[in-house]
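Residue-level structure breakdown
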Amino acid sequence: MTPFIARRALLAAAVAALSTGTQAAEPAFPSGPMRMVVGFAAGGGNDILARVIARELQQRLGQPVVVENKPGAGGLIAGDIVAKAPANGLTLLLGSMGAQTVAPSLMAKPPYDPRTGLAAVTLVADSGNVLLIHSKLPYKSAKDVIDAARKQPGKLSYGSSGQGSTLHLAGALFAQQAKVDMLHVPYKGNSQAITDLSGGQVDMAFSGIPPALASVRTGQTRMLAVTTAKRLKSLPDVPTVAESGLPGYAFSSWYGVLTTGGTPAPIIERLAAEIHAIVAKPEVREVFAQQGVEPETSTPAEFQRMIDAELTRWARDVKTLGIL
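Here the structure is a predicted model, which means the values were calculated and not measured.

On to the environment of Asp308, then. Among the structural elements, Asp308 can be located in helix α11 (residues 300-320). Asp308 sits in the partly exposed class, given a relative accessible area of 25%. Considered as a pair, Asp308 and Gln100 are 208 residues apart in the sequence and their alpha carbons are 9.8 Å apart.

This is the structure in structure tokens:
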């Protein structure tokens, strides 16, 4: 062997050894137990979807995936926990439009940078909500509510899952378009708002569908309308707000999975692929339908672009809606 060939052989061996060593140093994902943080109390839409996805991820990835409820600040407390976690993909957030793109606009200095603190993984669902009232109130439609609110400015109260949450936005948009003044009462989660509505502490609530159905079955509340542009397949007999007294009204939101900003792209892509497979399962789609949400997935890049656009939009619109 000539000296030149020998040097080439040694160089090739060194490169191969370095490559092997680098590959061996990269930990497998997931490297340990995972957690999915939810910014609202147990029983709400975020929580229900989080538990479905966490259970399926645990089966697919072979690691425990524990759901942790960290309510408060319209979901920003949970977002802050995930933003400050190690960037290894082991800490996930079941996020929503209100928590990730509206709540940051309500604070002069959010606890984390909403554009870089979290990394988008994928959308999981689009969601509609319902207008729910206490069963002892006489209102039969959205028009009845509007008429009563005009006669009693500032007297009718509605609960939501928190200041700046999607349910607050649904109510604020309703009041703005109807040109009425209603009292907003924020809670730390949808289920807490429904508990107080059922007890008569508030008159109405804009609610996710699962907790609303539970209270309707007990006879404590009545469902007047859905907030979506069209009737929901899961509630075909419930009219839209537009149909029942406020033409042009439509409001829906989204749920999605995020992780810590700076998480390596291969981990994010792996998570997205796993969640896409989960959302495609017929049994998971059936659970989503029962919750009144439509399955919807995206690439990480698509989801991030949507979040960035909505952050810009809501920074402007929270003032228009009088949320600030």
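After that view, the rundown keeps rolling.
This part covers helix α9 (residues 265-279). Its 15 residues place the ends of α9 21 Å apart at the C-alpha level, agreeing with the 21 Å of an ideal helix rising 1.5 Å per residue. For α9, every residue scored as buried is listed here: Ile267, Ile268, Leu271, Ala272, Glu274, Ile275, Ile278 and Val279. One side of α9 holds all its buried residues, which, seen down the axis, span an arc of 165°.

What follows concerns the pattern of salt bridges. On inspection of all chains with the given rule, the structure shows 13 salt bridges. Ionic pairing is found between Arg115 and Asp308, a salt bridge with its closest N-O pair at 3.7 Å. Of this pair, Arg115 sits in the loop between α4 (97-102) and β4 (118-127) while Asp308 sits in helix α11, placing them 193 residues apart in sequence. Residue Lys281 is joined to Glu283 by a salt bridge in which the shortest nitrogen-to-oxygen separation is 3.4 Å. Judged by its relative accessible area of 42%, Glu283 falls in the partly exposed class. One salt-bridge network, in which partners are shared between bridges, spans Arg55, Glu56, Lys281 and Glu283.

Reading guide: rules and limits
- Residues numbered from 1 in each chain as written.
- Predicted model: local features only at pLDDT ≥ 70, side-chain atom pairs only at ≥ 80, totals over all residues.
- Heavy atoms only, no water.
- Helix = DSSP H or I, 4+ residues; strand = E, 2+ residues; numbered from the N terminus.
- Buried < 20%, exposed > 50% of the residue type's maximum accessible area, 1.4 Å probe, protein only.
- Expected span 1.5 Å × (residues − 1).
- Arc of directions from axis to C-beta.
- Salt bridge = Lys/Arg side-chain N within 4 Å of Asp/Glu carboxyl O.

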